[in-house]
Amino acid sequence: MNFDIKDKSLAAAGTKRILWADKDMPVLAAIRERFAKEKPFTGLRMSCCLHVTAETANLMRTLQAGGAECVLVASNPLSTQDDVAASLVEEFKIPVFAIKGEDNDTYYKHLSAGIAHNPHITMDDGADLVSEILKNHPNLHDQIIGSMEETTTGVIRLKAMAKDGVIKFPVIAVNDVQTKHMFDNRYGTGQSTIDGIIRASDVLLAGKTFVVAGYGWCGRGLADRARGLGANVIVTEINPVKAIEAAMDGFRVMPMVEAAKEADIICTVTGNVNVLDEVHFKVMKDSCYICNSGHFDVEINLKNLTKMATKIDKGVRNFIDGYHMADGRVIYVLGEGRLINLAAAEGHPASVMDMSFATQALSSEYVVKNKETLKNEVYLLPTELEQEIAMTKLTTMGFKLDTLTTEQEKYLTSWEVGT
Ligand code: ADE
């Protein structure tokens, strides 16, 4: 078996971590049990380009139980948990190509290993694997049954591909399924981003001015949790509807160039480039912490910050670099501008990844079951499957649904009754 990981001897620690996460992933465990009996992926090769975490390991075990021959490669150079990678290789016999801190060349070499696996199904977090296949591997286009995408940024890229007519197989926008973004993006990113900022810096949020760039699902979750810890939260937005929502949720809303003057901490979650740039670096206070929780490390213009710096203190603390400005101010960059929740913390907690990865697992089964009818388009998962995931999660959390009476059902489906 080929693989490329940091150190096989970390496997025992990785196994403990995977099993710890597993106890909070009951929906995925139930799917794994069913897959083990029904084997929906027999004879199929799957290449998955995801953050290599304990939660992802449990997804890999689920796909493997369903009969898939899986390979896992990193979807980000800084997000790999090396002990988990070791356990997947040693304990679960799943080839992994991922090393925390890998350079760009190694990242692309690992991506190539995913392609060399000759997949029938792909899974992405950020669309790097699928875009590489669409651009440079036409030999795989007819063989791929379907592809799954985990994150907002990846879905944005896929929609651009669909607009340009270059998609060659069906894709499920897992991110856009309700059981993913309403929970993972809001509660997962919200909590784990704060976790990453605190683990990296040990900052007290109470009384600080915390700027959130972007009020999508991730921004909403982050702003709410920062407020919960006592921060004064400012939101920056380019969409007027989202900006009103932020204002009515009780946050101050203003352009970044104004917010940056007040900020103690700024976190970008927009999915766009250069959200923090020279104009903002110029006005930031001394000791401002800046970080990103969007998928790619493009939201903070580190090239310009580097040009402006008279000195860079690398690693003033784990995951923090200090950029000294000519006027004596120091700007602290957390996690090299990569997603701080996975760089400095452990990503989203298992309990929320349970729903995201149950959605991934059922999406994979759905493309296999419907391969004759799906077209080369971007799809959501049918509502019944969303409901099934939500219902199982609700039950495992110990909550029960209310039910409609016959009279209420009739009322909801009739049109005659009026004022
Ligand atoms: N994305 C965010 N958190 C994650 C986690 N714990 N595992 C995999 N992908 C993630």
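Structure: above.
Residues numbered from 1 in each chain as written. Predicted model: local features only at pLDDT ≥ 70, side-chain atom pairs only at ≥ 80, totals over all residues. Heavy atoms only, no water.

Q: How would you sum up the site of the ligand? Please name residues and give values.
A: In the vicinity of the ligand, the residues found are H51, T53, E55, T56, L342, E346, G347, H348, M353 and F357. At 2.6 Å from a nitrogen atom of the ligand is found a side-chain nitrogen or oxygen belonging to T53. Computed on the free molecule, the ligand has an accessible area of 260 Å², of which 96% lies beneath the protein chains in the complex. Looking at the shell around the ligand, the elements with two or more residues in it are α3 (54–65) and α15 (350–369). Within the shell around the ligand, the residues separate by chemical class into three nonpolar, five polar and two charged. (Near = heavy atom within 4 Å. Polar contact = N/O pair within 3.5 Å; in protein donor to acceptor, adjacent residues only side chain to side chain. Areas by Shrake-Rupley, 256 points an atom, 1.4 Å probe, with all protein chains shown as cover. Helix = DSSP H or I, 4+ residues; strand = E, 2+ residues; numbered from the N terminus. Nonpolar A, V, L, I, M, F, W, Y, C, P; charged D, E, K, R; others polar.)

Q: Lay out the pattern of salt bridges in plain terms, naming residues and giving numbers.
A: As enumerated under the stated definition, the model contains 25 salt bridges in all. A salt bridge links D24 to K23; the nearest nitrogen and oxygen atoms lie 3.9 Å apart. Judged by its relative accessible area of 32%, D24 is partly exposed. One salt bridge connects K159 with D176, and the closest N-O pair in it is separated by 3.0 Å. Pair noted here: K159 is in helix α7 (residues 152–163) and D176 is in the loop between β6 (171–173) and α8 (178–201), with a separation of 17 residues, a long-range link. Ionic contacts of the salt-bridge type, sharing partners, join the residues R17, D83, D195, R199 and E346 into one network. (Salt bridge = Lys/Arg side-chain N within 4 Å of Asp/Glu carboxyl O. Buried < 20%, exposed > 50% of the residue type's maximum accessible area, 1.4 Å probe, protein only.)

Q: Please set out the side chain of N185 residue by residue, giving values where relevant.
A: Along the chain, N185 turns up in helix α8. A polar contact of 3.4 Å, which involves the side chain of N185, links it to the side chain of T152. In this view, N185 contacts T152, N175, K180, G190, W217 and C218; residues no more than four positions away in its chain are not counted. (Contact = heavy atoms within 4.5 Å.)

Q: So, α7: which residues are in play, and what are the values?
A: Each turn of an α-helix holds 3.6 residues, which means side chains three or four residues apart point in the same direction. Across its 12 residues, α7 extends 17 Å between first and last C-alpha, which sits within 8% of the 16 Å expected from 1.5 Å per residue. What α7 keeps buried is the set T153, G154, V155, L158 and M161. Considering only its buried residues, α7 is in contact with α6 (128–136), β5 (146–149), β6 and β15 (378–379). Of the residues flanking the end of α7, it is G165, one or two places downstream, whose phi is positive at about 65°. (Expected span 1.5 Å × (residues − 1).)

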